[in-house]
Amino acid sequence: MTDSRQSRGKIEISFAVNGEPKTVRAYPMERLLDVLRQQLQLTGTKEGCGEGECGSCSVLMDGILVNSCLVPILQAEGSRVVTIEGLAAGETLHVLQEAFLECGGAQCGICTPGMILAAFHLLNEKPEPTIAEIKEGLSGNLCRCTGYSQILEAVAEAARRRTAA
Ligand code: FES
Ligand code: FES
């Protein structure tokens, strides 16, 4: 297929990713997940089920936690997207990333970026969540490795460190 035929039907979409303006050319119904991973090389966002069930592909869009496998790139026009790559400050990990490492909240790592973004969203809404609130906040994110207790502990530990700072 020629370049012009390949690009027929594609549109330009401009949005901010981790604070940087980006413009991509994509088919309107391409998944935000694929644009992030393939065009923008932000491969921290993971694909699990591809059906909106597991939360591995979670990102923040205008401050709302979304499954990027369900978001057509068209919807991203003008939005502010935050991926896992946007949490650390240079070489300094975010407190949630530190806590996941120290508490064993990450094993195979497929669920981890989505879990951390869900936890980030939760702590923005509720800086001192109870364990029940952490469970609720992470209820859209599945993990098949950890049994969840280390993840819950990691989020609770990050909340403690944030409020103590
Ligand atoms: S890959 Fe998007 S919810 Fe599972
Ligand atoms: S660490 Fe493997 S799925 Fe959660």
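Above this text is the structure in question.
Described below are features of the structure shown in this document. Just so you know, the residues in each chain are numbered from 1, in the order the chain's sequence is written. Both sets of labels track the order of writing: A upward for chains, 1 upward for ligands. Given that this is a predicted model, residues contribute local features only at a pLDDT of at least 70 and side-chain atom pairs are listed and counted only at 80 or more, while totals for whole chains, interfaces and linings are drawn from all residues. No hydrogens and no water enter the side-chain calculation; it runs on all heavy atoms of the structure.

### Concerning the nonpolar core
Inference 1: The term nonpolar core refers to a set of buried residues drawn from Ala, Val, Leu, Ile, Met, Phe, Trp, Tyr and Cys, joined through side-chain atoms within 4.5 Å. The buried label applies to any residue whose accessible area, calculated with a 1.4 Å probe on protein chains only, is under 20% of its type's maximum; exposed applies above 50%, and partly exposed to all values in between. Leu96, Phe100, Met115, Ile134, Leu138, Ile151 and Val155 are the most contacted members of the largest nonpolar core, which has 26 residues in total.
Inference 2: Looking at this core, the elements with two or more residues in it are α3 (95-103), α4 (112-125) and α6 (149-164).
Inference 3: A run of H or I in DSSP counts as a helix once it spans at least four residues, and a run of E counts as a strand once it spans at least two, with each numbered from the N terminus. With 8 residues, α4 is the single largest residue contributor to this core.
Inference 4: Grouped together as the second largest cluster of nonpolar side chains are 17 residues, Phe15, Leu40, Leu42 and Val59 included.

### Brief notes about the packing of α3 against α4
Pairs of packed helices are described in terms of their axes, by the angle between the two and the distance that separates them.
Inference 1: With axes taken as lines fitted to C-alpha atoms, and helix axes fitted only over the stretch in contact, angles between N-to-C directions fall between 0 and 180 degrees. Relative orientation of the contacting elements α3 and α4 amounts to 130°, with a least axis distance of 10 Å. Taken together, the axes of α3 and α4 are oblique relative to one another. Read as a crossing pair, α3 and α4 show a hand that is right-handed. Where α3 abuts α4, its residues Leu96, Gln97 and Phe100 lie against Thr112, Met115, Ile116, Ala119, Phe120 and Leu123.
Inference 2: Following the grouping adopted for this structure description, the nonpolar residues are Ala, Val, Leu, Ile, Met, Phe, Trp, Tyr, Cys and Pro, the charged ones are Asp, Glu, Lys and Arg, and the polar ones are all others, Gly among them. Of the residues that constitute the contact of α3 with α4, the class distribution is 7 nonpolar, 2 polar and no charged. By the definition adopted for this analysis, an angle is roughly parallel if under 35 degrees, roughly antiparallel if over 145, roughly perpendicular if from 65 to 115, and oblique otherwise. In this scheme the crossing of two helices becomes right-handed for a clockwise turn of the near helix relative to the far one and left-handed for an anticlockwise turn of less than a right angle. Whether two residues are in contact is decided by their heavy atoms: any pair within 4.5 Å suffices.

### Comments concerning the side chain of serine 58
Inference 1: Among the secondary structure elements, serine 58 is positioned in strand β3 (residues 58-61).
Inference 2: The class for serine 58 is buried, based on a relative accessible area of 3%.
Inference 3: For serine 58, the side chain forms a polar contact with the main-chain oxygen of glycine 55, separated by 2.6 Å.
Inference 4: Beyond its immediate chain neighbours, meaning those up to four positions away, serine 58 contacts Leu65, Val66, Asn67, Gly114, Leu117 and Asn141. Residues adjacent in sequence count toward polar contacts only when both atoms are side-chain atoms; beyond that, a polar contact is any pair of N or O atoms within 3.5 Å, and within protein one must be able to donate a hydrogen and the other to accept it.

### Details of unusual backbone geometry
Excluding glycine, a negative phi dihedral is what most residues carry, and trans is how most peptide bonds are arranged.
Inference 1: Of note in the backbone geometry, asparagine 18 takes a positive phi value of approximately 50° without being a glycine.
Inference 2: Within the element layout of this structure, asparagine 18 appears in the loop between β1 (11-17) and β2 (20-26).
Inference 3: Exposure remark for asparagine 18: the relative accessible area of 26% places this residue in the partly exposed category.
Inference 4: Positive phi outside glycine occurs at glutamine 41, with the angle close to 55°.
Inference 5: Of note, glutamine 41 is situated in the loop between α2 (32-39) and β3.

### Topic: the sheet that holds strand β5 (residues 80-82)
Inference 1: Spatial strand order, β2-β1-β5-β3-β4: 5 strands in an open sheet with mixed pairing. Two strands lie at the open edges of the sheet, namely β2 and β4 (64-67), each paired on one side alone. Taking each pair of neighbouring strands and ignoring which way they run, the sheet shows an average axis angle of 40°.
Inference 2: Strand pairing requires that DSSP identify at least two bridges connecting the strands. When β3 meets β4, the two strands line up antiparallel, connected through 4 bridges. Note that in β4 the partner of leucine 60 across the bridge is leucine 65.
Inference 3: Lying over the sheet, α2 contacts β1, β2 and β3, oriented at roughly 105° with respect to β2.
Inference 4: Across the sheet, α4 lies against β3, β4 and β5, angled at about 35° from β3, the strand it touches most.

### Some details on α6
Inference 1: With 16 residues, α6 extends 22 Å between its outermost C-alpha atoms, agreeing within 8% with the 22 Å of an ideal straight helix rising 1.5 Å per residue.
Inference 2: Taken residue by residue, α6 has Ile151, Leu152, Ala154, Val155, Ala156, Glu157, Ala158 and Ala159 as its buried positions.
Inference 3: On its buried face, α6 is in contact with α3, α4 and α5 (131-137). By this rule, a helix spans an expected 1.5 Å times one less than how many residues it contains.

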